[in-house]
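Residue strings, one per chain:
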Amino acid sequence: MTEKYWLVKCEYDVCSFEELGNRPNGIGYWRGVRNYQARNFIRDGMQKGDSALFYQSNCKEPGIAGLVEIARAGYPDPSQFDADNQYYDPKASKDDPRWFSFDVQWAKAFEPYVSLKDLKNSPKLKEMKVVQRGQRLSIQPVTKREFDIVCEMGGHSVSYRKK
DNA sequence: GCCAACGTTGGC
DNA sequence: GCCAACGTTGGC
(Lines give C-alpha, C1' and ligand atoms only; values in the text may rest on other atoms or scores of the structure.)
Protein backbone atom coordinates (compact mmCIF):
# COMPACT_ATOMS: atom_id res chain seq x y z
CA MET A 1 0.00 0.00 0.00
CA THR A 2 1.41 3.31 -1.01
CA GLU A 3 1.11 6.12 1.41
CA LYS A 4 -0.86 9.02 0.09
CA TYR A 5 -0.96 12.70 0.88
CA TRP A 6 -3.95 14.98 1.12
CA LEU A 7 -5.04 18.49 1.78
CA VAL A 8 -8.17 18.70 3.88
CA LYS A 9 -10.09 21.94 4.27
CA CYS A 10 -11.96 23.00 7.31
CA GLU A 11 -13.74 26.25 7.89
CA TYR A 12 -12.05 28.13 10.67
CA ASP A 13 -15.33 28.64 12.51
CA VAL A 14 -16.14 24.93 12.41
CA CYS A 15 -12.88 23.80 13.90
CA SER A 16 -9.56 25.58 13.97
CA PHE A 17 -6.39 23.56 14.00
CA GLU A 18 -5.52 24.84 17.43
CA GLU A 19 -8.90 23.79 18.75
CA LEU A 20 -8.39 20.32 17.31
CA GLY A 21 -4.98 20.13 18.92
CA ASN A 22 -6.44 20.98 22.28
CA ARG A 23 -9.03 18.25 22.25
CA PRO A 24 -8.18 15.50 24.71
CA ASN A 25 -7.82 12.88 21.98
CA GLY A 26 -6.91 15.22 19.11
CA ILE A 27 -9.50 13.56 16.89
CA GLY A 28 -11.58 15.42 14.33
CA TYR A 29 -14.48 14.17 12.20
CA TRP A 30 -15.48 15.29 8.74
CA ARG A 31 -19.22 15.42 8.09
CA GLY A 32 -21.32 16.88 5.34
CA VAL A 33 -18.95 16.66 2.40
CA ARG A 34 -21.44 16.75 -0.47
CA ASN A 35 -19.30 16.89 -3.53
CA TYR A 36 -18.85 13.78 -5.63
CA GLN A 37 -15.22 14.33 -6.48
CA ALA A 38 -14.35 14.83 -2.84
CA ARG A 39 -16.55 11.86 -1.95
CA ASN A 40 -14.60 9.63 -4.30
CA PHE A 41 -11.31 10.65 -2.77
CA ILE A 42 -12.61 9.91 0.71
CA ARG A 43 -14.24 6.63 -0.22
CA ASP A 44 -11.69 5.23 -2.65
CA GLY A 45 -8.40 6.92 -2.00
CA MET A 46 -7.89 7.65 1.65
CA GLN A 47 -6.25 5.12 3.87
CA LYS A 48 -5.66 5.00 7.55
CA GLY A 49 -2.20 6.36 8.23
CA ASP A 50 -2.10 8.76 5.29
CA SER A 51 -0.83 12.23 6.09
CA ALA A 52 -2.77 15.39 5.37
CA LEU A 53 -2.18 19.12 5.37
CA PHE A 54 -4.80 20.84 7.51
CA TYR A 55 -6.10 23.86 5.61
CA GLN A 56 -8.16 26.54 7.28
CA SER A 57 -10.60 28.49 5.15
CA ASN A 58 -12.97 31.39 5.70
CA CYS A 59 -10.68 33.24 8.03
CA LYS A 60 -8.44 36.27 8.10
CA GLU A 61 -5.43 34.38 6.88
CA PRO A 62 -6.38 31.17 5.10
CA GLY A 63 -3.63 28.58 4.92
CA ILE A 64 -2.09 25.43 6.29
CA ALA A 65 -1.75 25.27 10.04
CA GLY A 66 -0.19 21.86 10.40
CA LEU A 67 -0.40 18.14 9.85
CA VAL A 68 -2.96 15.51 10.66
CA GLU A 69 -3.00 11.79 10.10
CA ILE A 70 -5.97 9.90 8.72
CA ALA A 71 -7.20 8.00 11.77
CA ARG A 72 -10.15 6.33 10.12
CA ALA A 73 -10.68 5.99 6.41
CA GLY A 74 -13.85 6.47 4.38
CA TYR A 75 -16.94 5.25 6.19
CA PRO A 76 -20.57 6.21 5.55
CA ASP A 77 -21.30 9.74 6.76
CA PRO A 78 -23.89 9.31 9.53
CA SER A 79 -25.39 12.74 8.88
CA GLN A 80 -26.91 11.60 5.59
CA PHE A 81 -29.28 9.24 7.44
CA ASP A 82 -30.42 11.73 10.07
CA ALA A 83 -33.59 13.55 9.03
CA ASP A 84 -32.95 16.30 11.55
CA ASN A 85 -29.46 16.96 10.30
CA GLN A 86 -28.76 19.78 7.90
CA TYR A 87 -26.82 17.33 5.76
CA TYR A 88 -29.65 14.81 5.58
CA ASP A 89 -29.96 13.20 2.16
CA PRO A 90 -33.28 11.43 1.55
CA LYS A 91 -31.82 9.63 -1.44
CA ALA A 92 -29.19 7.88 0.65
CA SER A 93 -29.79 4.56 2.38
CA LYS A 94 -27.69 2.48 4.71
CA ASP A 95 -27.47 -0.21 2.05
CA ASP A 96 -26.38 2.34 -0.48
CA PRO A 97 -24.72 5.28 1.22
CA ARG A 98 -23.88 8.22 -0.99
CA TRP A 99 -21.60 10.20 1.26
CA PHE A 100 -18.53 9.35 3.25
CA SER A 101 -16.68 10.60 6.29
CA PHE A 102 -13.19 10.27 7.65
CA ASP A 103 -11.48 11.03 10.93
CA VAL A 104 -8.17 12.71 11.53
CA GLN A 105 -5.69 12.67 14.35
CA TRP A 106 -3.85 15.86 15.16
CA ALA A 107 -0.16 15.39 14.40
CA LYS A 108 1.84 18.61 14.52
CA ALA A 109 1.55 22.32 14.06
CA PHE A 110 3.55 24.33 11.57
CA GLU A 111 5.79 27.11 12.73
CA PRO A 112 5.59 29.35 10.89
CA TYR A 113 2.06 29.07 9.67
CA VAL A 114 1.99 28.49 5.90
CA SER A 115 -0.53 30.94 4.50
CA LEU A 116 -2.24 30.67 1.15
CA LYS A 117 -0.23 33.73 0.17
CA ASP A 118 2.98 31.85 0.93
CA LEU A 119 1.83 28.90 -1.14
CA LYS A 120 1.01 31.18 -4.06
CA ASN A 121 4.37 32.87 -3.76
CA SER A 122 6.26 29.61 -4.02
CA PRO A 123 7.37 28.96 -7.62
CA LYS A 124 7.65 25.26 -6.83
CA LEU A 125 3.99 24.98 -5.95
CA LYS A 126 2.47 26.42 -9.12
CA GLU A 127 0.88 23.06 -9.89
CA MET A 128 -0.66 22.56 -6.49
CA LYS A 129 -4.43 22.45 -6.67
CA VAL A 130 -5.16 24.72 -3.77
CA VAL A 131 -3.37 27.69 -5.32
CA GLN A 132 -5.19 27.36 -8.60
CA ARG A 133 -7.99 29.63 -9.59
CA GLY A 134 -11.48 28.51 -8.74
CA GLN A 135 -10.33 25.35 -7.00
CA ARG A 136 -12.89 24.72 -4.29
CA LEU A 137 -12.56 21.03 -3.56
CA SER A 138 -12.51 20.45 0.16
CA ILE A 139 -10.46 17.26 -0.14
CA GLN A 140 -7.52 17.33 -2.49
CA PRO A 141 -4.77 14.88 -3.24
CA VAL A 142 -1.27 16.29 -2.84
CA THR A 143 1.88 14.89 -4.39
CA LYS A 144 4.73 13.78 -2.15
CA ARG A 145 6.86 16.52 -3.61
CA GLU A 146 4.28 19.19 -2.80
CA PHE A 147 3.76 17.72 0.63
CA ASP A 148 7.48 17.81 1.37
CA ILE A 149 7.84 21.38 0.13
CA VAL A 150 4.97 22.58 2.30
CA CYS A 151 6.40 20.75 5.32
CA GLU A 152 9.68 22.47 4.74
CA MET A 153 7.92 25.84 4.58
CA GLY A 154 6.25 24.91 7.85
CA GLY A 155 9.75 24.75 9.22
CA HIS A 156 10.15 23.59 12.71
CA SER A 157 6.90 22.01 13.68
CA VAL A 158 5.85 22.89 17.17
CA SER A 159 3.51 21.29 19.58
CA TYR A 160 0.94 23.41 21.35
CA ARG A 161 -1.11 20.34 21.95
CA LYS A 162 -1.69 19.54 25.57
CA LYS A 163 -0.88 15.93 26.20
C1' DG B 1 -28.29 15.26 -23.17
C1' DC B 2 -28.30 20.34 -23.49
C1' DC B 3 -28.15 24.45 -20.97
C1' DA B 4 -30.11 28.24 -18.17
C1' DA B 5 -31.00 29.14 -13.53
C1' DC B 6 -29.72 28.69 -9.13
C1' DG B 7 -26.91 27.70 -4.95
C1' DT B 8 -22.43 27.40 -2.81
C1' DT B 9 -17.60 28.12 -1.97
C1' DG B 10 -14.21 30.96 -0.41
C1' DG B 11 -10.68 34.56 -1.38
C1' DC B 12 -10.50 39.26 -1.25
C1' DG C 1 -20.36 42.05 1.35
C1' DC C 2 -18.80 41.29 -3.43
C1' DC C 3 -18.38 38.25 -7.00
C1' DA C 4 -15.92 34.69 -9.91
C1' DA C 5 -15.86 29.98 -10.49
C1' DC C 6 -17.95 25.86 -10.08
C1' DG C 7 -21.44 22.08 -9.23
C1' DT C 8 -26.17 20.74 -9.38
C1' DT C 9 -30.88 20.81 -10.81
C1' DG C 10 -34.61 20.40 -13.79
C1' DG C 11 -37.29 21.74 -17.94
C1' DC C 12 -37.33 20.62 -22.51
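Counting of residues starts from 1 at the beginning of each chain's written sequence and follows it residue by residue. Chain A is the first chain written and ligand 1 is the first ligand written, with later ones labelled in order. Side-chain atom pairs in this predicted model are given and counted only at pLDDT of 80 or more, local residue features only at pLDDT of at least 70, and totals for whole chains, interfaces and linings cover all residues. Side-chain descriptors were evaluated using all non-hydrogen atoms of the structure, hydrogens and water having been removed beforehand.

Colleague: What's the story with the protein's contact with DNA strand B in this structure? I'm lost.
Modeller: Taken together, Lys9, Tyr55, Ser57, Asn58, Pro62, Leu116, Lys120 and Arg136 make up all the residues around DNA strand B. Among the atoms of DNA strand B lying within 4 Å of the protein, the sugar-phosphate backbone contributes 79%. Tyr55 is positioned such that a nitrogen or oxygen atom in its side chain is 2.5 Å from a phosphate oxygen of DNA strand B. N or O atoms within 3.5 Å of each other form a polar contact, as long as, within protein, one can give a hydrogen and the other can take it, and as long as residues adjacent in sequence are counted only when both atoms are side-chain atoms. Within the contact set of DNA strand B, a phosphate oxygen lies 2.8 Å away from a side-chain nitrogen or oxygen of Lys120. Put simply, the parts of the chain that give the surface near DNA strand B at least two residues each are β3 (51-57) and α3 (116-121). Residues of the surface near DNA strand B, tallied by class, amount to three nonpolar, two polar and three charged. Think of it this way: one heavy atom of a residue within 4 Å of a molecule or strand is enough to make that residue near it. Helix and strand definitions here come from DSSP, where helices need a minimum of 4 consecutive H or I residues and strands a minimum of 2 consecutive E residues; each element is numbered from the N-terminal end. Residue type decides the class: Asp, Glu, Lys and Arg count as charged, Ala, Val, Leu, Ile, Met, Phe, Trp, Tyr, Cys and Pro as nonpolar, and the leftover types, Gly among them, as polar.

Colleague: I tried to follow the sheet that holds strand β4 (residues 63-76) on my own but got confused; where do I start?
Modeller: Sheet strands pair by backbone hydrogen bonding; their relative direction is either parallel or antiparallel. If DSSP finds at least two bridges between two strands, the strands pair. With mixed pairing, six strands are arranged side by side in an open sheet as β2-β5-β4-β3-β1-β6. Of all strands in the sheet, those bounded by a partner on one side alone are β2 (27-30) and β6 (139-142). Between one strand axis and the next, the sheet turns by 40° as a mean value, whatever way the strands run. When β3 meets β4, the two strands line up antiparallel, connected through six bridges. When the bridges of β4 are listed, Ser51 appears paired with Glu69. Any two residues whose heavy atoms approach within 4.5 Å at even a single point are treated as in contact. With axes taken as lines fitted to C-alpha atoms, and helix axes fitted only over the stretch in contact, angles between N-to-C directions fall between 0 and 180 degrees. In the packing of helix α2 (residues 36-45) onto the sheet, the strands contacted are β1 (5-11), β4, β5 (100-115) and β6, and the crossing angle to β5 comes to about 105°.

Colleague: For this particular structure, what's the right way to read the protein's contact with DNA strand C?
Modeller: The local shell around DNA strand C consists of Asn35, Tyr36, Gln37, Arg133, Gly134 and Arg136. The sugar-phosphate portion of DNA strand C accounts for 74% of its atoms within 4 Å of the protein, the bases making up the rest. Separating a base oxygen of DNA strand C from a side-chain N or O atom of Arg136 is a distance of 2.8 Å. Residues of the surface near DNA strand C, tallied by class, amount to one nonpolar, three polar and two charged.

Colleague: It is not clear to me how unusual backbone geometry should be interpreted in this structure. Could you clarify?
Modeller: Apart from glycine, the bulk of residues carry a negative phi angle, and the bulk of peptide bonds sit in the trans form. Omega for the bond connecting Glu111 with Pro112 falls within 30 degrees of zero, at 5°, which places this linkage in the cis form. Considering the arrangement of structural elements, one finds Pro112 in strand β5. Located in the positive-phi region is Asn58, a residue other than glycine, with phi close to 55°.

No statement about biological role is implied by the geometric values presented.
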